[in-house]
Amino acid sequence: MNKKIGLFFGTFNPIHVGHLIIANHMVEYSDLEEVWMVVTPHNPHKKKSSLLEDHHRLEMVYLACENYEKLSPSNIEFGLEQPNYTVKTLAHLQEKHPTNEFCLIMGEDNLKSFHKWKNYEVILENHQLYVYPRMSGGTVKNEFKDHPGITRVAAPRMEISSTAIRKAVKEGKNVRPLLNDKVWEYMDRMNFYK
């Protein structure tokens, strides 16, 4: 059975309510039937001390998606060669699930730099882009403004960032309202970001 699936990529370090609001909005207010939350693995060539281990970030995504039947965690990139490119992940998914249609979900900030992505023309030729609004500088290139392969979804603007959450936790601030309860409990129990 073929499904139209939106892929929402992120390090999810940690996943927060903003991610869930966007993902849920995409699946409820567009023609996407499911959204897969694709956890980006740690790039072995980059030193990123603030990035939690892959399995911890995946676990938090599992916990966050538990009560959303149309949202699913995905570790598809964990088994792919690093450094990985979105174009390769899409090809791999299409090969594994040939009857599904995979679409990319991205913020407008990413669309502004999309022309710098590896093989972006191939992505646009074979996959639809679903773009949600983000506050950011710069402009969208003309070739993307009225492109038939790009759908703009009027999702709520979310200005919550994982970076700000990590910083707040380190400073001993209460970030509980910004996180799914189970994610907050897991983070607190594991002493993450402190």
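Refer to the structure presented above.
Before going into details, it helps to say that this report is about the structure given with it. Remember, it's a predicted structure, so these values are computed and weren't measured experimentally. (Residues numbered from 1 in each chain as written. Predicted model: local features only at pLDDT ≥ 70, side-chain atom pairs only at ≥ 80, totals over all residues. Heavy atoms only, no water.)

**As for the overall build of the protein chain**
Here is step 1: Each helix and strand counted, the protein chain has 8 helices and 6 strands in total.
Here is step 2: Written out in order from the N terminus, the α and β elements of the protein chain read β-α-β-α-β-α-β-α-α-β-α-β-α-α.
Here is step 3: The C-alpha atoms of the protein chain give 17 Å as radius of gyration, which agrees with the globular expectation for 194 residues (16 Å, within 12%).
Here is step 4: In terms of overall dimensions, the protein chain has a C-alpha envelope of 45 × 35 × 35 Å along the principal axes.
Here is step 5: By the burial criterion, 47% of the 194 residues in the protein chain qualify as buried.
Here is step 6: Total accessible area on the protein chain is roughly 10500 Å²; 48% of this is exposed by carbon and sulfur atoms.
Here is step 7: Averaging the coordinates of the 25 positive side-chain charges in the protein chain and doing the same for the 24 negative ones gives two points 8 Å apart. (Helix = DSSP H or I, 4+ residues; strand = E, 2+ residues; numbered from the N terminus. Rg over C-alpha atoms; globule rule 2.2 N^0.38 Å. Buried < 20%, exposed > 50% of the residue type's maximum accessible area, 1.4 Å probe, protein only. Areas by Shrake-Rupley, 256 points an atom, 1.4 Å probe, with all protein chains shown as cover. Lys, Arg positive; Asp, Glu negative; His and termini not counted. Charge placed at Lys NZ, Arg CZ, Asp CG, Glu CD.)

**Some thoughts on the pattern of salt bridges**
Pairs can form between side chains of opposite charge once their charged atoms are near each other.
Here is step 1: Enumeration over the complete set of coordinates arrives at 13 salt bridges.
Here is step 2: The shortest N-O distance in the salt bridge between Lys-70 and Glu-28 comes to 3.3 Å. Placement of Lys-70 in the loop between helix H2 (54–65) and strand S3 (71–74) and of Glu-28 in helix H1 (residues 17–28) is noted, with a sequence separation of 42 residues between them.
Here is step 3: Given a relative accessible area of 41%, Glu-28 falls into the partly exposed group.
Here is step 4: The salt bridge partner of Lys-167 is Glu-171, with a shortest N-O separation of 2.9 Å.
Here is step 5: Judged by relative accessible area, which is 52%, Lys-167 ranks as exposed. (Salt bridge = Lys/Arg side-chain N within 4 Å of Asp/Glu carboxyl O.)

**Regarding the environment of His-115**
Here is step 1: Following the sequence through the fold, His-115 ends up in the loop between helix H4 (108–112) and helix H5 (120–126).
Here is step 2: A residue is classified by how much of its surface remains accessible, and His-115, at 26% relative accessible area, is partly exposed.
Here is step 3: Those residues in contact with His-115 that lie beyond four places of it in its chain are Tyr-120, Lys-141 and Phe-144.
Here is step 4: Of note is the side chain of His-115, whose polar atom sits 3.4 Å from the backbone oxygen of Lys-112. (Contact = heavy atoms within 4.5 Å. Polar contact = N/O pair within 3.5 Å; in protein donor to acceptor, adjacent residues only side chain to side chain.)

Honestly, it's all geometry; don't read function into it.
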